[in-house]
Every structure is written in C-alpha cells, then in structure tokens.
Amino acid sequence: SRRTMAAAVAGAAAFALVATGCSGGGGSDPDGPVTLTLATFNDFGYTDELLAEFTAETGIEVVHNKAATSNDARANYFQKLGSGGLADVEAVEIDWFTEAMQYADLLVPVADDLKGRWLDWKEASATDSEGNLIAYGTDIGPQGVCYRSDLFAAAGLPTDRAEVAALFDGSWDDFFEVGAQYTAATGKPFIDSANSVLQGIVNQLDIAYEETDGSIVATENPDIKAAYEAVVSKAVPISAYAGQWSEDWFASLASGEFAVMLCPGWMLGVISGNAPETEGWDIADAFPGGGGNWGGSYLTVPANGAHTEEASLLAAWLTSPETQLKAFANAGTFPSQVEALESSELAAATNEYFNNAPTGEILTSRAEAITVATFKGPKYFQFHDALQNAVTRVFDGLEDAGTSWNNWVTEVSAF
C-alpha cells in the first residue's frame, strides 16, 4: 500500500544513518555509506536514473550488474547461494524460481507488512511451507505479438494494429500458416526463433514436465510431444534462429531479418534497447492459442549478505507500485503489484517506439487473457532447456526430429 511504502521510505533515512557507520563489503567504503550490489539479467527497467532516485532518498549507493541471459544468472545463483559471493539483491527468473524455493532458508523473508501487495498467485508462488514470503515480485509476462509493420507491408500483409491482432487471434496452426505465406512471399524467416514458439506453447499448458505432487511426466506428457512436433515441423522452417540471445539475434532486431516476435511486456525493452534507431516495430493485442504468460521474475536477498537490512529496503523499493510503473515505462516490464495494475497511469501508458501503441491497455488485455499458470516444478528449467536443445539440433540439421526427441528422452531420464 502507499502507507507501507511511505513508511519504508521514511525509514530509509534511518537506514542511511546506520549504513554510514557500517563496515565494508560489496564494494563499500568502510568509513562511508553502504554500497549495495544488484544482480539482474535481460532488462528489468532499472536504469541508472531510477537507481539514482533510490540513492537520493536513502544515501545508499547501488552497483547494478546485469547478466547476459537468465541461464547465466541461474548458473551463478546456484553456484554461490549458501557459500557466499552473490549480490546483495539477486533476481530470479520464474522458470527456475521453484528450484530456488528449495533453499528458502538461505534467503531473507519479506517483512509481513509488505504481504498483500502483489497478485495472489505471484505471492503464493513465493511463499514457503512455513508461510514465509521469501521473494519480492517484479513483473509478470503477458504476451502479445510484436511485428515489423514495414516488413508486413512489403509482404502484402495488413499493418493496422487491429487487423494484425485479428490475423493472430486464432490457433497456432493459423499462426504457422501466416508465417509460411510470409516466408514464401519474401524468402525470409517470419519469426525470430523456433524455441520462442516452444516457450509460447508450453506456457499454455497446465502441466508440462512435472505434476504438482512431484511426479515426473516429461517424456510421457502428450502435450509436450505435440508441442515439440509442432515446433520442429512448422516453426523451424519459418524461424531465423533456433534460440534467442546470441549476438546475431540481437543484431537482427534492427536488420529486418525477421518480421515477428512473441512479446511479453519485458521484451519491448529488449527490442527498443538493442534497435533504438529502427522504425516499424509495433505490437498487436493478440496471441496464438489464447493468452500466455512468459517470464516475470522475483528479487531475493541472500541471508549471508553483508547488508541484508539495506538490501531488503532496496528490494522493497524496486518492487513498490510507484517503481514498478517507472520500470514499465522504461522497459515494458508489466507490473505484478495490485495497486500498480489498478492505476490510471498504467491504463494510459503508450510506447513511442512501438508506433505509440497503447501498451498499458494492450498488456492489461493480454494479462486478462491468461487462463493457465503452468506448473513449473524444481526440475522445469533442466527439462525445458534440454528440450530447447533438442529443437536446436533439428534446426541446425544435426539430427532429425525423431532422433533428437529420443535423445531428449534419454537425457531427461537421467535427471
């Protein structure tokens, strides 16, 4: 609530005074104010200007370290959690958050008076068996479809946002058909990556690789087999890359190598940040097969950090309704705070880069279209990453679809 946030900020001055006398750690001057380290990945919307606001309010400096990918952040997190060496505040991606929940005792719980700020499901997912909330919700990832209107026009496709939404407001087969038409007409890939399609389909399933009771169903789930077969047979032929986040993929955001991306809110900042001079990007209020949530993260405070009290203050500040709205303006990271979601500021938000699209309205609509929260157990990340690798082998021509699937089955059976 605003009252809670006001109390937190009011207490910041006291924290700052205490921090002045704290010993070093995390790069702090032993005789000066505390310096906190913040570790994220991709683009959370935490600009230098935003973090400077926290410093101005509290006197606490923040050094922001950003990993290139969620995979890199995960490897570092589990290598160092418990043994030391993590940042004072560490971001955790939803696909491996349940894995982190197994180590809830190594994280500082969120203060009780901050509970209730987030969407119920966002908060419930971060609550341990003893009722401790052990992470601060950042964003959620309602998905639309981002497209290059200039490339659509050249291919004879509609460019009006509403018409494009109607084009994609159907089944995945409808989406693949449009993609095949585009590729046939232009000789170019339609979508950025095959594995983004796999992610989109899997995020519409109730159960993917593990049942809620912990039993493994990865290789026996017919929905997973169907998703894989659709991707290797229909998405691979119209995709520019197998996966995302390579140097070539980033360069292609500007080059026009592909015309479409599946876009959770946070992807807007990735596109505009890496292709700032490119014109033509837009976003449609639609998603194949219905709604879908991709991503959304949490901030955690490792219990063995040097400045856990100040780190908790930073995590609370970064996930307050006011700051979530600023992060959304910076990078499209869609808020998970109830108060932010109900704000007129969000409803009226537009994005100049995306042809002045009413992104607040569109992503709110996309959030309302989400009907499934895919269960992601402790091994979700490993199973899904291995299946993405199977798709990549087919894309690269290293294995046929059947062989790659069988190798995935053998691999995940050993997890």
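Here is what the cut-offs are and how they apply
Residues numbered from 1 in each chain as written. Predicted model: local features only at pLDDT ≥ 70, side-chain atom pairs only at ≥ 80, totals over all residues. Heavy atoms only, no water. Helix = DSSP H or I, 4+ residues; strand = E, 2+ residues; numbered from the N terminus. Buried < 20%, exposed > 50% of the residue type's maximum accessible area, 1.4 Å probe, protein only. Pairing = 2+ DSSP bridges. Contact = heavy atoms within 4.5 Å. Axes fitted to C-alpha atoms, helices over the stretch in contact; angles between N-to-C directions. pLDDT = per-residue confidence, 0-100. Disulfide = S-S within 2.5 Å. Polar contact = N/O pair within 3.5 Å; in protein donor to acceptor, adjacent residues only side chain to side chain.

In this section: unusual backbone geometry. In the Ramachandran plot, N42 falls in the positive-phi region, its phi being about 50 degrees despite a non-glycine side chain. Secondary-structure assignment places N42 in the loop between β1 (35-41) and α2 (48-58). For N42, a relative accessible area of 18% gives the class buried. Phi at N355 is positive, roughly 55 degrees, even though this residue is not glycine. According to the relative accessible area criterion, N355 is partly exposed, its value standing at 49%.

This part takes up the sheet that holds strand β11 (residues 297-300). Taken in spatial order, the five strands line up as β2-β1-β3-β11-β4 in an open sheet, and their pairing is mixed. Bordering the open sheet on either side are β2 (61-67) and β4 (136-137), each of which pairs with just one other strand. Here strand β3 (residues 89-93) runs beside β11; their pairing, made up of four bridges, is antiparallel. Residue V92 lies in a different strand from β11, and its bridge partner there is Y298. Its contacts with the sheet put α2 on β1 and β2, and the angle it makes with β2 is roughly 155 degrees. The sheet strands contacting helix α13 (residues 308-318) are β1, β2, β3, β4 and β11, and the helix crosses β1 at an angle near 45 degrees.

On average, residues of the protein score 92 in pLDDT, and 92% of them are at 70 or above. Long-range and interchain partners of residues 1-29, a stretch whose pLDDT sits below 50, account for 49 contacts in this model, where long-range means more than four residues apart.

Inspection of every chain in the model, using the stated rule, returns one disulfide. The partner cysteine of C146 in its disulfide is C263, sulfur to sulfur 2.2 Å. Handedness here is read from the sign of the S-S torsion; for C146 and C263, about -120 degrees, the answer is left-handed. Of the two residues, C146 is situated in strand β6 (residues 143-148) and C263 in strand β9 (residues 260-264); the sequence distance between them amounts to 117 residues.

Time to look at the side chain of T333. By secondary structure assignment, the location of T333 is in the loop between α14 (321-331) and β12 (334-335). Under the relative-accessibility criterion, T333 is labelled buried at 6%. Among the polar contacts listed, one links the side chain of T333 to the backbone oxygen of A327, at a separation of 3.3 Å. Non-local contacts of T333, meaning those with residues more than four positions away in its chain, are made with D43, F44, D139, G265, W266, Q324, A327 and F328.

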